[in-house]
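Residue-level structural notes
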Amino acid sequence: MHNLILEDMTHKIAPSLLSADFGNLQATIEMVNQSEADWLHLDIMDGVFVPNISFGFPVMKYIKKISTKPLDVHLMITDPTKFIYEIKESGAYMMNVHYETCVHLHRTIEQIKQNGMKAGVTLNPHTPVSLLEDIVQDVDMVLIMSVNPGFGGQKFIEHSIEKIKALKEMILRKNAHTLIEVDGGINLNTGKRVLEAGADILVAGNAIFNTENPTQIISEFKAL
Ligand code: DX5
Ligand code: ZN
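A few points on the structure. Source: prediction; values computed, not measured. (Residues numbered from 1 in each chain as written. Chains lettered and ligands numbered in written order. Predicted model: local features only at pLDDT ≥ 70, side-chain atom pairs only at ≥ 80, totals over all residues. Heavy atoms only, no water.)

Focus: the overall build of the protein
- Along its length, the protein carries nine helices and eight strands.
- Expected size for 224 residues packed as a compact globule is a radius of gyration near 17 Å; at 16 Å, the protein falls within 12% of this value.
- Structurally, the protein occupies a C-alpha span of about 45 × 40 × 30 Å along its principal axes.
- A total of 224 residues make up the protein; the buried ones form 52% of that total.
- Counted over contacts in the protein with a minimum sequence separation of 6, partners at least 24 positions apart contribute 67%. (Helix = DSSP H or I, 4+ residues; strand = E, 2+ residues; numbered from the N terminus. Rg over C-alpha atoms; globule rule 2.2 N^0.38 Å. Buried < 20%, exposed > 50% of the residue type's maximum accessible area, 1.4 Å probe, protein only. Contact = heavy atoms within 4.5 Å.)

With respect to the nonpolar core
- Among the nonpolar cores identified, the biggest contains 61 residues, and Leu 17, Leu 42, Ile 63, Leu 132, Leu 167, Val 194 and Phe 221 are the most heavily contacted of them.
- If one sorts the elements of this core by residue count, helix H6 (residues 160-173) sits on top with five residues.
- In contact with Leu 167, other than residues within four places in its own chain, are Val 129, Leu 132, Val 136, Val 142, Ile 144 and Ile 180.
- Counting seven residues, the second largest nonpolar core, distinct from the first, contains Ala 14, Trp 39, Met 94 and Ile 201. (Core = buried A, V, L, I, M, F, W, Y, C linked by side-chain atoms within 4.5 Å.)

Points about the site of ligand 1
- Neighbouring residues of ligand 1: 19 residues in total, closest Ser 16, Gly 150, Gly 153, Gly 185 and Gly 205.
- Contact distances for ligand 1 include 2.7 Å between an oxygen atom and a backbone N or O atom of Gly 150.
- Here an oxygen atom of ligand 1 sits 2.8 Å away from a polar atom, N or O, in the side chain of Asp 183.
- Protein burial of ligand 1: of its 380 Å² of free accessible surface, 99% is covered by the chains.
- In this structure, ligand 1 is accommodated by the largest pocket.
- Broken down by secondary-structure element, the contributors of at least two residues to the shell around ligand 1 are strand E2 (40-45), strand E3 (71-76) and strand E8 (201-204). (Near = heavy atom within 4 Å. Polar contact = N/O pair within 3.5 Å; in protein donor to acceptor, adjacent residues only side chain to side chain. Areas by Shrake-Rupley, 256 points an atom, 1.4 Å probe, with all protein chains shown as cover. 1 Å grid on protein atoms, 1.4 Å probe; cavity = no way out; pocket = protein on both sides within 12 Å on 5 of 7 lines; lining within 4 Å. Sits in = over half its atoms within 2 Å of the grid points.)

Observations regarding the sheet that holds strand E5 (residues 118-123)
- On the basis of which strands lie adjacent, the open sheet formed by eight strands has the order E1-E8-E7-E6-E5-E4-E3-E2 and parallel pairing. Each edge of the open sheet is held by one strand with a lone partner, namely strand E1 (12-15) and E2. Pairs of neighbouring strands in the sheet enclose a mean axial angle of 25°, with direction left out of account.
- In this structure, E5 lies alongside strand E6 (residues 141-145), joined through four bridges in parallel fashion. (Pairing = 2+ DSSP bridges. Axes fitted to C-alpha atoms, helices over the stretch in contact; angles between N-to-C directions.)

What to know about the packing of helix H2 (residues 25-34) against helix H3 (residues 57-66)
- At a minimum axis distance of 10 Å, the contact between H2 and H3 shows a crossing angle of 45°. In this view, H2 runs oblique relative to H3, as classed from their interaxial angle. The crossing of H2 and H3 is right-handed. Here H2 contributes Leu 25, Gln 26, Ile 29, Glu 30 and Asn 33 to the contact with H3, which in turn contributes Val 59, Tyr 62, Ile 63 and Ile 66. (Parallel < 35°, antiparallel > 145°, perpendicular 65-115°, else oblique. Left-handed = near helix turned anticlockwise from the far one by under 90°.)

Comments concerning the packing of H6 against helix H7 (residues 188-197)
- Remark: H6 packs on H7, axes separated minimally by 8 Å, with the N-to-C direction vectors making an angle of 25°. Classified by the angle their axes make, H6 and H7 are roughly parallel. Both H6 and H7 take part in a crossing whose hand is right-handed. Residues Ile 161, Ile 164, Lys 165 and Lys 168 of H6 form the contact with H7, whose own contacting residues are Arg 193, Val 194 and Ala 197.
- Here the residues of the contact of H6 with H7 sort into four nonpolar, no polar and three charged. (Nonpolar A, V, L, I, M, F, W, Y, C, P; charged D, E, K, R; others polar.)

A few points about the coordination of the zinc ion (ligand 2)
- Around the zinc ion (ligand 2), the protein supplies His 41 (NE2), Asp 43 (OD), His 74 (ND1) and Asp 183 (OD) as donor atoms, at distances of 2.0 to 2.3 Å.
- In this structure, the zinc ion (ligand 2) is surrounded by six donor atoms whose angles at the metal cover 71 to 168°, and the resulting shape is octahedral.
- Judged by relative accessible area, which is 0%, His 41 ranks as buried.
- Owing to a relative accessible area of 4%, Asp 43 belongs among the buried residues under this scheme. (Donors = N, O, S within 2.8 Å, 3.2 Å for Na, K, Ca; no water. Tetrahedral: all angles 85-135°; square planar, octahedral: opposite > 155°, others 65-115°.)

Describing helix H9 (residues 214-222)
- All of the buried residues in H9 are Pro 214, Ile 217, Ile 218 and Phe 221. Looking down the long axis of H9, one finds its buried residues gathered within 105° of arc, a one-sided arrangement. (Arc of directions from axis to C-beta.)

And the structure:
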């Protein structure tokens, strides 16, 4: 029964602000507010876990004041468990932690939920889906990285399709409610393919913000 509900659900779109013009943040967020986007995806980087630095809590709080969309926060930092309270205070709806950064992942997931957020676990391209066998039923979402995290505008890694299929099979087998999000190199073409493989949420940065009409592209992603 639950499986049917998951399969019937229309997919969500989460534009990734990383590719936006930071000189016009307010206008960009207002554009997303007016669009058919479901969530707003925020990439937090520390220059240690990934070779790039993006933005932190003060910027998140500003975004929260303007955004009417739930904030889907992707933490590319070495010790996300340390910042659960701050992430909550900065307005996150979904807190995604990387599998590779959490020694006590089950405890971290419980703490995220206790703080009133949805809990997501993210896998780097080299991290197998099979490692989620004993945690998948406890998380609200799994975020499959289809590029190596750190930068927008990279090429989609083809093997991600197999990972999404394997994860979907695991979720259905366990009768779990877990959603699948895919992030990296998503355009209308790869987006369609990952949805067919079992994804529920598409993150897209470059394909949305580096175009003439981002609102239109978001509608096209929703129509896939
Ligand atoms: C990369 C980030 C992505 C990034 C995606 O580390 O997690 O969210 O913004 O950008 P595109 O869609 O351009 O690959
Ligand atoms: Zn991301």
